[in-house]
Amino acid sequence: MTVTRPRGMTEQAAQAAVDQACRMLRLPTIRRQFGDLAEAATREQQTYLGFLAELLLAECDDRNRRRSDRQIKAAAFPRRKSLREFDFDANPHLDAAVVHTLAACDWVTKGQPLCLIGDSGTGKSHLLIALGTEAAMKGHRVRYTLAAKLVNELVEAADDKQLNKTIARYGRVDLLCIDELGYMELDRRGAELLFQVLTEREEKASVAIASNESFGGWTKTFTDPRLCAAIVDRLTFGGTILETGTDSYRLAQTRARAADRA
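So, about the layout of surface pockets. The volume enclosed by the largest pocket comes to roughly 550 Å³. Along the walls of the largest pocket sit 22 residues, with Val-18, Phe-34, Ala-38, Phe-51 and Leu-55 positioned nearest its centre. Elements represented by at least two residues in the lining of the largest pocket include exactly α1 (11-25), α2 (28-43) and α3 (48-75). Residues belonging to the lining of the largest pocket are distributed by class as follows: 15 nonpolar, five polar and two charged.

What follows is the structure, given as structure tokens:
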């Protein structure tokens, strides 16, 4: 299909031509906004070049937003969390500057690991999801999963002779976020399968984990000492460790609200 370009076309014909061209070129944002942007350009006496720049930037901005939305959806986060919502004043253990540096996601680009260690209610999962979201918004492929869910999926894949395919799928994402590592003991088979995933990603793609156990307590999750040491090595080498502390600010907030109502 060709677009006719008569000289001296009417305003209505020009609008129809722009609409048709945008459909052909798959420029939905320009198609929606060109009328308003044209009116603004006339009011502000923009040059043709300035008007064209406004159109293209609008399309690029909206395309980046849609891509970010797709990346965030593909990550399968259980809920929305952002760094703006995190109360650093309530958790003095965390250095806000360090966290915001991590939000730039250079560590993801470099394939480095991140460990968030602390008791329940100290913000580990919030930070894990928020930093994963930042990575997705910057165009990285991200996947979130619970540790137990990941191990169960690996066991089922092994039973169905689909293990290599499953490990490869997890190996393709730029950032794998594993939450609630250490909440339950893993048998040797499950621990070994998880180790295979970590080995597949070692020094190539990032892993971020959140755990309520210090590394010294991981032998309760990974009962084989050698395997435990190897997993800790995979998750810490060249990476960042953030300790969120032991004082639950969620519990403190609940108590504060109860005191206000009293």
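Structurally, Ala-58 can be placed in helix α3. Leave out the neighbours within four places in its chain, and Ala-58 touches Thr-29, Gln-33 and Leu-37.

A separate point is the packing of aromatic side chains. As enumerated under the stated definition, the model contains four aromatic pairs in all. On the numbers, 5.1 Å between centres and 65 degrees between planes, the contact of Phe-215 with Trp-218 is edge-to-face. Through successive ring pairs, a cluster of aromatic residues spans Phe-215, Trp-218 and Phe-222.

With that out of the way, let us pick up the sheet that holds strand β5 (residues 240-245). Ordered in space as β2-β3-β4-β1-β5, the five strands form an open sheet in which the pairing is parallel. The sheet is open, and its two borders are formed by β2 (142-146) and β5, each paired with just one other strand. Averaged over all pairs of adjacent strands, the angle between strand axes in this sheet comes to 15 degrees, irrespective of strand direction. Bridge analysis of strand β1 (residues 114-118) against β5 gives five bridges, and the strand direction is parallel. Bridge pairing in β5 places Cys-115 opposite Ile-241.

What follows covers the packing of helix α7 (residues 147-159) against helix α9 (residues 188-201). One way to put it is that α7 packs onto α9 with a least axis distance of 9 Å and a crossing angle of 95 degrees. Relative to α9, the element α7 is oriented roughly perpendicular. Within the contact between the two elements, α7 uses Leu-150, Val-151, Leu-154, Val-155, Ala-158 and Asp-159 and α9 uses Arg-189, Gly-190, Leu-193, Leu-194 and Val-197. Among the residues making up the contact of α7 with α9, the classes are represented as eight nonpolar, one polar and two charged.

Tracing the backbone shows Glu-59 in helix α3. Classification of Glu-59 by relative accessible area gives buried; the value is 4%. Side-chain polar atoms of Glu-59 contact the backbone nitrogen of Ile-30, separated by 2.9 Å. Contact partners of Glu-59, with chain neighbours within four places excluded, come to Leu-27, Pro-28, Thr-29, Ile-30 and Arg-66.

The predicted model of the protein chain has a mean per-residue pLDDT of 87, with 91% of residues at 70 or higher. Across the protein chain, the secondary-structure element scoring lowest on mean pLDDT is helix α11 (residues 249-261), at 57, and the one scoring highest is β2, at 97.

Parameters and conventions
The numbering scheme is per chain: residues are counted from 1 as the chain's sequence reads. Given that the model is predicted, a residue must reach a pLDDT of at least 70 before its local features are reported, and side-chain atom pairs must reach 80 or more before they are shown or counted; all residues, however, enter totals for whole chains, interfaces and linings. By convention in this description, side-chain values take in all heavy atoms of the structure and omit both hydrogens and water. Method remark: on a 1 Å grid restricted to protein atoms, a set of points is classed as a cavity if a 1.4 Å probe fits but cannot get out and as a pocket if it is open with protein on both sides within 12 Å along at least five of seven lines; lining residues have an atom within 4 Å of a point. Grid points are joined across faces, edges and corners, and a volume is the space filled by probe spheres set on the points. Each helix is a run of H or I in the DSSP string that is no shorter than four residues. Each strand is a run of E no shorter than two, and both are numbered from the N terminus. Polar here means any residue other than Ala, Val, Leu, Ile, Met, Phe, Trp, Tyr, Cys and Pro, which are nonpolar, and Asp, Glu, Lys and Arg, which are charged; Gly is therefore polar. We call two residues in contact whenever any of their non-hydrogen atoms come within 4.5 Å of each other. Aromatic rings from Phe, Tyr and Trp, taking only the six-membered ring of Trp, are treated as a pair when their centres fall within 6.5 Å; an angle between ring planes under 30 degrees marks them as stacked, one over 60 as edge-to-face, and anything in between as tilted. For two strands to count as paired, DSSP must find a minimum of two bridges between them. Axis lines are fitted to C-alpha atoms, over the contacting stretch for helices. Their N-to-C directions set the angle, which ranges from 0 to 180 degrees. Any angle that falls under 35 degrees is termed roughly parallel, while one over 145 is termed roughly antiparallel, one within 65 to 115 roughly perpendicular, and all others oblique. Classification of residues uses two cut-offs on accessible area relative to the type maximum, computed with a 1.4 Å probe and protein chains only: under 20% is buried, over 50% is exposed, and between them is partly exposed. Two N or O atoms count as a polar contact when they lie within 3.5 Å, although within protein this holds only if one can serve as hydrogen donor and the other as acceptor, and sequence-adjacent residues are included solely when both atoms are side-chain atoms. Each residue carries a pLDDT score, the predictor's confidence in it, ranging from 0 to 100.

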